[in-house]
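Coordinate analysis (summary)
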Amino acid sequence: MKYYDKLIFELSKPGRTGYSLPEPASKDALSAIPAGLRRESDTCLPEVSEPDVVRHYTALSQMNFGVDTGFYPLGSCTMKYNPKINEEIAAMPAFSAVHPLQEDIPGINEIIDGLDHALCAITGMDHFTFLPCAGAHGELTGLMVMREYHLRRGDTGRTKVIVPDSAHGTNPASAAVCGLQVVEVKSGPDGLVDVESLRPLLGDDIAGIMMTNPNTLGLFERQIGEIAELVHGCGGLLYYDGANMNPLLGMVRPGDMGFDIMHLNLHKTFSTPHGGGGPGSGPVGVKAALADIATSLKVSGFHGNFGVMLRAYAYILSLGRQNIRLAGKLSVLGANYIKESLKDVYKLPIPSVCKHEFVFDGLVNDGAHDDVKGATTLDVAKRLLDYGYHAPTIYFPLLFHQAIMIEPTETESRETLDAFIDIMRKIAAEAAENPATLHDAPHTTPVSRPDETLAARHPVLKWQDSI
Ligand SMILES: *Cc1c(COP(=O)(O)O)cnc(C)c1O
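Parameters and conventions
Residues numbered from 1 in each chain as written. Predicted model: local features only at pLDDT ≥ 70, side-chain atom pairs only at ≥ 80, totals over all residues. Heavy atoms only, no water. Near = heavy atom within 4 Å. Polar contact = N/O pair within 3.5 Å; in protein donor to acceptor, adjacent residues only side chain to side chain. Areas by Shrake-Rupley, 256 points an atom, 1.4 Å probe, with all protein chains shown as cover. Helix = DSSP H or I, 4+ residues; strand = E, 2+ residues; numbered from the N terminus. Nonpolar A, V, L, I, M, F, W, Y, C, P; charged D, E, K, R; others polar. Domains from an automatic or database assignment. Contact = heavy atoms within 4.5 Å. Buried area = accessible area lost by both parts, 1.4 Å probe. Salt bridge = Lys/Arg side-chain N within 4 Å of Asp/Glu carboxyl O.

1. Thoughts on the site of the ligand
Near the ligand, the surroundings consist of 13 residues, among which Ser 76, Gly 135, Asp 241, His 267 and Lys 268 are the closest. Gly 135 is positioned such that a nitrogen or oxygen atom in its backbone is 2.7 Å from an oxygen atom of the ligand. His 267 places a polar side-chain atom, nitrogen or oxygen, 2.8 Å from an oxygen atom of the ligand. In the complex, the protein chains occlude 87% of the 380 Å² of accessible area that the ligand would expose alone. Listed by contribution, the elements that provide at least two residues to the shell around the ligand are helix H7 (135–152) and helix H12 (266–269). Among the elements that make up the shell around the ligand, the one with the highest residue count is H7 (three residues). Here the shell around the ligand is built from residues that sort into three nonpolar, seven polar and three charged.

2. Remarks on the domain arrangement of the protein
Partitioning the protein into domains gives domain 1 (3–62), domain 2 (84–319) and domain 3 (330–449). Domain 2 and domain 3 are separated by 31 Å when their C-alpha centres are compared. Listed as interface residues are 21 residues of domain 2 and, on the opposing side, 17 residues of domain 3. A combined buried area of about 1300 Å² lies between domain 2 and domain 3, and 64% of that area is made up of carbon and sulfur atoms. Summed over the three residues of domain 2 that lose the most area to domain 3, namely Leu 217, Asn 246 and Pro 247, the buried surface amounts to 37% of that side. Where domain 2 packs against domain 3, one counts zero salt bridges. Counting every contact that joins domain 2 to domain 3 gives five residue pairs in polar contact (both at pLDDT 80 or more). Here the side of domain 2 that touches domain 3 is built from residues that sort into nine nonpolar, 10 polar and two charged.

Here is the structure:
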């Protein structure tokens, strides 16, 4: 039995402790605590020794998977290895001990200005506001800028935003939160926005379009120049979801493609460990004509998530112009290498060259026969856990039924990519021979395959005697 099979409450023995406290110097010390604040009954905490506690938490930490423990090909999230120097700089007391209410510290302002300057150079925008604390928060802020732009011109009928069907779910959600109506534009068979489907949607009720380029299939929207002309032509603005900026670094700039407003996910493209929902930073960049509006919006307190901004600045400065460009190119090379190495065993619905990520649509041979159910994308993802890998993003984007979205990032070596490819091929072979073995994977993890519906409806969030 593994250590973590026993919960710390089960190790508890009455009277056992991991500490000893001196007796209070006088009985009066206790009476100094106001009566209402004194504990009247036991805390009901486990009674365990110090080694038990240390082993319990160490075992928990080892059950965690992170990019520091292994390959993490989660598409649409850019889970890259983050250089430790960025962490060290962010932890320096000169930064970490600054109180948010300390306004106008010259060094801090210099860093924010320097980052603003670097991001403008990378994106082709003229000004960034750093208040938004995540990509989705940036989307909302950017759409507020868009709406305000139209209102200030007295153009009050622009209530709709066009969003492609391949978009990340936060795009339509942000538009709805901003009070704008979402109009979906279809992708063509090549996975790109279909310009002919876009044309009839344009009119004087359109505030603008939200686009991700490369899109969530990892494909560059080659007709972006024409799309920009059409949207501007009808009086709308172009919003760029910068979550996929990684492969474009130093090569192409959203500002040159015709975008007016954008966000970057500093925690994706520019370092910062961000598993488990945070921390993030989603600065919004705008063209000069919109800078006044952007600076007038107060969407969060203080200066935003300064620690994340600092890591981004350290990352950009330590890489420098040439290596930033190389990071983008390597992310594209890695993704295409995996795609080409696996496309004979996993279905590749769109065969063109991808950018930093790509999408398979399940297995070529899922092993289904007679009444044996074939292996699904979920089975493949769960089986990967047995082999020590984090699963890719699955069932997103929604364009395919068995989507497997893989993003290797630029930080992985050829050997790491080869090892992953070998395992993906091995799983494909297992599926073809005996799909049933995959249905109940994973077998080696502390928790096997939970009933996800039950877990969502009736989550067990604390230890109970009965389980
Ligand atoms: C991650 C992501 C977002 C949302 O960003 P958060 O920082 O998670 O709020 C939006 N769009 C795309 C394409 C993304 O990958």
